[in-house]
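One letter stands for each residue in the lines below.
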Amino acid sequence: TTMPYSRPTNTSLSELHLTGIPGLQHLHHWISLPLCIMYLITLAGNSIILCVIKADSSLHLPMFLFLSMLAVIDLGMSTSITPKMLGIFWLHSTAISLDACLTQMYFVHAFSVMESGVLVAMAFDRYVAICNPLRYLSILTSPVVAAIGLATLLRAVVFMSPLTFQIRRLPLCSPAVVDHSYCEHLAVLKLACGDAAFSNTYSLSVSTYVGSFDSLLIALSYVLILRAVLSLSSPQARKKAFGTCGSHLCVIALFYIPGLLSMYMERYHQELPPHIQVLLADLYLLIPPAFNPLIYGIRTKQIRDGARRMISRRRPMAGGTGP
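Residues numbered from 1 in each chain as written. Predicted model: local features only at pLDDT ≥ 70, side-chain atom pairs only at ≥ 80, totals over all residues. Heavy atoms only, no water.

- The name given to the protein chain in an unreviewed UniProt entry is Olfactory receptor, and the organism recorded there is Anhinga anhinga.
- Among the UniProt annotations of the protein chain, the heading Function (unreviewed entry) holds the following wording: "Odorant receptor."
- Quoted verbatim from the Sequence similarities (unreviewed entry) field of UniProt, the annotation for the protein chain is "Belongs to the G-protein coupled receptor 1 family." (UniProt positions renumbered as here; feature names shortened; annotations may be inferred.)

Written out as structure tokens, the structure reads:
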């Protein structure tokens with residue numbers, strides 16, 4: 001993917017410019033409103049979930065520990081792109097140093113890989129809870145939950161580090177304009193004057209591997225769960241089991257469908273208008289973190305009850321300060 005204007009006037013570009021949403025710059029102010037609202041919902045929703053789980057000892061179960069991990073990842077993922085994006089939309093501050101750009105790219109993609117890993121862990125958690133309920137706590141002990149969390153983190157670091165180092169080594173050409181609202185890997189790669197074939201292939205392989213391997217594991221968990229649920233005799237138990245899996249399936253669909261759409265459209269539908277591609281990529285990173293706490297908060301009875309207990313405990317301290 002060499003650029004038509006391969007003039008390496010500045011092979012060590014130290015500053016890049018993010019265009020925001022190419023072609024829709026005149027609508028930036030309007031587009032920023034829903035993005036800002038989504039970011040505020042993300043901050044509030046995930047923080048509330050973390051506070052409720054921390055405050056309520058009855059929620060210190062594997063399922064909620066994984067949910068806490070998801071909340072932390074969601075806060076990290078949206079915070080790594082939204083403030084800068086709003087800066088572009090509101091203040092036209094398009095400049096970003098190359099190091100800041102690569103750091104942002106690293107975190108955005110690493111958090112995506114981590115989120116995918118935690119969704120697999122949550123599917124495994126539901127499988128154990130429904131197919132092996134009596135051994136649930138002896139299988140998913142605290143060390144096991146911690147080890148799963150650590151493995152998820154390490155996998156993201158191992159996968160994303162070569163990608164960032166590779167771009168750091170590539171000579172970049174002027175004009176240093178990234179046609180995107182954050183430092184998305186492919187958008188930055190388009191500035192490379194050198195041979196970017198390795199980076200291209202590597203990023204496609206990693207995203208395809210993570211996407212397909214993780215979705216396969218999740219699908220397998222749910223096939224086994226479905227088999228177990230359908231063999232339950234009482235309709236009450238069946239309804240409860242479906243209920244506890246329903247919110248998880250919503251979250252999975254919310255994460256994988258836009259993600260895969262955005263990735264493959266960017267690769268194979270070059271005729272797709274750039275603003276559609278960029279909007280898809282933005283929404284893929286901003287919608288799940290805003291909706292995950294809403295889905296879990298509304299659909300999970302223990303979280304609702306925990307929130308109620310936390311509020312009623314705070315009521316007598318009405319004069320006190322909030323968290």
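So much for the structure itself; the text now carries on.
**Digging into the overall build of the protein chain**
- Counting its regular elements, the protein chain contains 10 helices and three strands.
- Ordered by position from the N terminus, the helices and strands of the protein chain form the series β-α-α-β-α-α-α-β-α-α-α-α-α.
- Taken over 323 residues, the protein chain has a buried fraction of 49%.
- Restricting to contacts in the protein chain with at least 6 residues of sequence separation, those with at least 24 account for 80%.
- For the protein chain, the exposed surface amounts to about 15700 Å²; the carbon and sulfur share of it is 71%. (Helix = DSSP H or I, 4+ residues; strand = E, 2+ residues; numbered from the N terminus. Buried < 20%, exposed > 50% of the residue type's maximum accessible area, 1.4 Å probe, protein only. Contact = heavy atoms within 4.5 Å. Areas by Shrake-Rupley, 256 points an atom, 1.4 Å probe, with all protein chains shown as cover.)

**Observations regarding the packing of aromatic side chains**
- By the definition in use, this model includes five aromatic pairs.
- On the basis of an interplanar angle of 25° and a centroid distance of 5.9 Å, the ring pair of F107 and F111 is categorised as stacked. Of this pair, F107 and F111 both sit in helix 3 (residues 98-131), four residues apart, which is roughly one turn of the helix.
- A relative accessible area of 38% means that F107 is categorised as partly exposed.
- A relative accessible area of 15% places F111 in the buried class. (Phe/Tyr/Trp six-rings, centres within 6.5 Å; stacked < 30°, edge-to-face > 60°.)

**Observations regarding the pattern of salt bridges**
- Per the counting criterion, the structure on display carries three salt bridges.
- A salt bridge links R126 to D125; the shortest N-O distance between them is 2.7 Å. For the pair shown, R126 and D125 are each scored as buried.
- With a closest N to O distance of 2.7 Å, D214 and R155 form a salt bridge. Of this pair, D214 sits in helix 7 (residues 197-230) while R155 sits in helix 5 (residues 142-169), and the two are 59 residues apart along the sequence. Take D214 and R155: they sit in the same class, and that class is buried. (Salt bridge = Lys/Arg side-chain N within 4 Å of Asp/Glu carboxyl O.)

**Comments concerning the side chain of S32**
- Inspection of the secondary structure assignment puts S32 in helix 1 (residues 28-55).
- Beyond its immediate stretch of four places on either side in the chain, S32 contacts L86, F89 and W90.

**Some points on the sheet that holds strand 3 (residues 177-178)**
- Read from one edge to the other, the open sheet built from three strands follows the order 2-1-3, with strand pairing classed as mixed. What marks the edges here is a single partner per strand, and that holds for strand 2 (95-97) and strand 3.
- Two strands pair when backbone bridges link them, and strand 1 (residues 15-18) and strand 3 are joined in this way by two bridges, in the parallel orientation. Considered in strand 3, the bridge of H17 is made with V177. (Pairing = 2+ DSSP bridges.)

**A few points about the state of the cysteines**
- By the definition in use, this model includes one disulfide.
- The disulfide bridge from C101 ends at C183, spanning 2.0 Å between sulfur atoms. Looking down the S-S bond of the C101 and C183 bridge, the torsion is -120°, so its handedness is left-handed. Here C101 is found in helix 3, whereas its partner C183 is found in the loop between strand 3 and helix 6 (185-189), with 82 residues between them in sequence. (Disulfide = S-S within 2.5 Å.)

**Quick notes on the UniProt feature "transmembrane region" (unreviewed entry) in the protein chain**
- According to UniProt, the positions carrying the feature "transmembrane region" (unreviewed entry) are residues 30-52, 64-86, 106-124, 136-158, 209-230, 242-264 and 276-298.
- Taken end to end, residues 30-52 comprises 100% helix and 0% strand; its first and last C-alpha atoms sit 34 Å apart.
- What you have in residues 136-158 is 91% helix and 0% strand, and the ends, taken at the C-alpha atoms, are 30 Å apart.

**Re a nonpolar patch on the surface**
- A cluster of nonpolar side chains, namely I37, I41, F291, L294 and I298, defines an oily patch on the protein surface of about 450 Å² accessible area.
- Elements with a contribution of two residues or more to the nonpolar patch: helix 1 and helix 9 (274-299).
- The greatest single-element share of the nonpolar patch, amounting to three residues, is contributed by helix 9.
- Inspection of the secondary structure puts I37 in helix 1. (Patch = residues over 30% accessible without salt bridge, like charges linked within 9 Å, V, L, I, M, F, W, Y side chains within 5 Å.)

**Details of the environment of P171**
- Assignment of secondary structure puts P171 in the loop between helix 5 and strand 3.
- On the accessibility criterion, P171 (30% relative accessible area) is partly exposed.
- P171 sits 23 residues away from G194 along the chain, and the two C-alpha atoms are 5.9 Å apart.

**Some details on the environment of R126**
- Here R126 shows up in helix 3.
- For the pair R126 and Y136, spaced 10 residues apart in sequence, the C-alpha to C-alpha distance is 9.5 Å.

**Regarding the nonpolar core**
- Residues L16, L67, L70, L119, M122 and I218 are the most contacted members of the largest nonpolar core, which totals 87 residues.
- If you tally residues by element for this core, the top one is helix 3, at 19 residues.
- Look past the residues within four positions of L70 in its chain and what remains in contact with it is E115, V118, L119, M122, V251, N292 and Y296. (Core = buried A, V, L, I, M, F, W, Y, C linked by side-chain atoms within 4.5 Å.)

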